[in-house]
Amino acid sequence: MERLAGKTALITGAARGLGAQIARRFAEEGAIVFINDLNRALAESTAEELGGHAFACDVSDSSAVDAMFKKVSAKTDRLDILVNNAGISGIEGDNNSQSKLQAALDRAESVASGVRPDIEPAIEEVTDEAWAKMIAVHLNGTFYCSRSASKIMTKQKAPLGSSTIINMGSIMGTSGGAGAAAYCAAKAGILGFTRALARDLAPYDVRVNAIAPGYILTDMTSPSEAMFPLLKAQTPMGRIGEPDDIAWAAVYLASEESKFVTGQTFSPNGGWHMSQ
């Protein structure tokens, strides 16, 4: 308890799922939390639960991000932690998502049996709009929020290494994944951005790290539950992850316990992927 006492944290995409659980653990450890989400009502509900503050903002809109950080600055004279968690799966509102999931399973079955799939590669179904939106939310959003946070963090007086940015990557950003080209590209970009930004901000006593989750059961991943038996079989620890598996990693990276850690990718994934 109190590992984050007195710290102020902004978590994007935190009305539910991984972001909300990270915010809960931060609050339990003594942090004042700022909850960002597109859904204002859900953000306000989560913030009220945690005694924090809520901001509705589309992180893929740079002007909206700048406006949000001005509001954060009006609420507090410092920002110790930024967690760039906001993201999309790409199947939100897609009425054909289950048929696409079945196609992915069919492709996997074909590969396992050594048979050439008789359906088109998934990349042929990716539209310009879907690609651009995935990059905009994940990669651009991480950049916009980090840029705005830097303007605050690099100017405040703080103990060595106590200001930190945590970016949400994925094992898909390192290993790749069939049928998820846009998502994998966005997450790979975030991991490269993390390393570059860590070097950029280290002289200003700001640490930058990434978390690359494995398969975690959340609202965003639940539509893909048909694949979970296959994923469990591929995971040495034999299970799908829980939000707390990621939340506690975030607490560590946000705390003084990791004060000599920067530019790293921490990957709680049950052994599914072992080379970050």
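Caption draft 1: Expanded view of the pattern of salt bridges. Applying the stated criterion to the full structure yields eight salt bridges. In this structure, Glu 28 engages Arg 25 in a salt bridge whose closest nitrogen and oxygen atoms are separated by 2.6 Å. Taken together, the positions of Glu 28 and Arg 25, both in helix α1 (residues 17-28) and three residues apart, correspond to about one turn of that helix. Given the relative accessible area of 16%, Arg 25 is considered buried. For Arg 239, the salt bridge identified is with Asp 245, shortest N-O distance 3.0 Å. For Arg 239, a relative accessible area of 36% corresponds to the partly exposed category. Sharing partners across several salt bridges, the network here consists of Arg 25, Glu 28 and Asp 244.

Caption draft 2: Fine view of the sheet that holds strand β7 (residues 265-266). The strand order β3-β2-β1-β4-β5-β6-β7 describes an open sheet built from seven strands, whose pairing is parallel. Edge strands, defined here as strands with exactly one partner in the open sheet, are β3 (53-56) and β7. One ladder, built from four bridges, connects strand β4 (residues 81-84) with strand β5 (residues 163-168); its direction is parallel. Note that in β5 the partner of Asn 84 across the bridge is Asn 167. Sitting on the sheet, helix α7 (residues 181-201) is in contact with β5, β6 (206-211) and β7, with an inclination near 165° to β6. Those strands touched by helix α9 (residues 243-254) are β4, β5, β6 and β7, and its axis lies near 165° from that of β6.

Caption draft 3: Main features of the pairing of β3. Here strand β2 (residues 32-37) pairs with β3 via four bridges, running parallel. Residue pairing in the sheet places Ile 35 in a bridge with Ala 54 of β3. Assessed by its sense of winding, the connection that carries the chain from β2 through helix α2 (residues 40-50) to β3 is right-handed.

Caption draft 4: Spatial organisation of the packing of aromatic side chains. Scanning all chains against the criterion turns up five aromatic pairs. Between Phe 143 and Tyr 144, the ring centres sit 5.6 Å apart and the planes meet at 50°, which makes this aromatic pair tilted. By the ring-pair criterion, three or more aromatic residues cluster together here, those being Phe 143, Tyr 144 and Phe 193.

Caption draft 5: Representation of the nonpolar core. Formed by 28 residues in total, the largest nonpolar core has its most connected members in Ile 11, Ile 22, Phe 26, Ile 35 and Ile 211. Ranked by residue count, the leading element in this core is α9, at seven residues. Core analysis: the second largest hydrophobic core is formed by 24 residues, Phe 34, Val 59, Met 68 and Phe 193 among them.

Caption draft 6: Main features of α2. The complete set of buried residues in α2 reads Ala 43, Thr 46, Ala 47 and Leu 50. For α2, the angular spread of the buried residues around the axis is 100°, confining them to a single face. Of the exposed residues in α2, the ones pointing more than 90 degrees away from its buried face are Ala 41 and Glu 48. Along its buried surface, α2 packs onto α1, β2 and β3. The opening residue of α2, the one whose side-chain oxygen lies 3.2 Å from the backbone nitrogen of Ala 41, is Asn 39. Positive phi shows up at Gly 51, right after α2, with a value of about 70°.

Definitions and cut-offs
Residues numbered from 1 in each chain as written. Predicted model: local features only at pLDDT ≥ 70, side-chain atom pairs only at ≥ 80, totals over all residues. Heavy atoms only, no water. Salt bridge = Lys/Arg side-chain N within 4 Å of Asp/Glu carboxyl O. Helix = DSSP H or I, 4+ residues; strand = E, 2+ residues; numbered from the N terminus. Buried < 20%, exposed > 50% of the residue type's maximum accessible area, 1.4 Å probe, protein only. Pairing = 2+ DSSP bridges. Contact = heavy atoms within 4.5 Å. Axes fitted to C-alpha atoms, helices over the stretch in contact; angles between N-to-C directions. Right-handed = clockwise from strand over helix to strand, strands pointing away. Phe/Tyr/Trp six-rings, centres within 6.5 Å; stacked < 30°, edge-to-face > 60°. Core = buried A, V, L, I, M, F, W, Y, C linked by side-chain atoms within 4.5 Å. Arc of directions from axis to C-beta. Polar contact = N/O pair within 3.5 Å; in protein donor to acceptor, adjacent residues only side chain to side chain.

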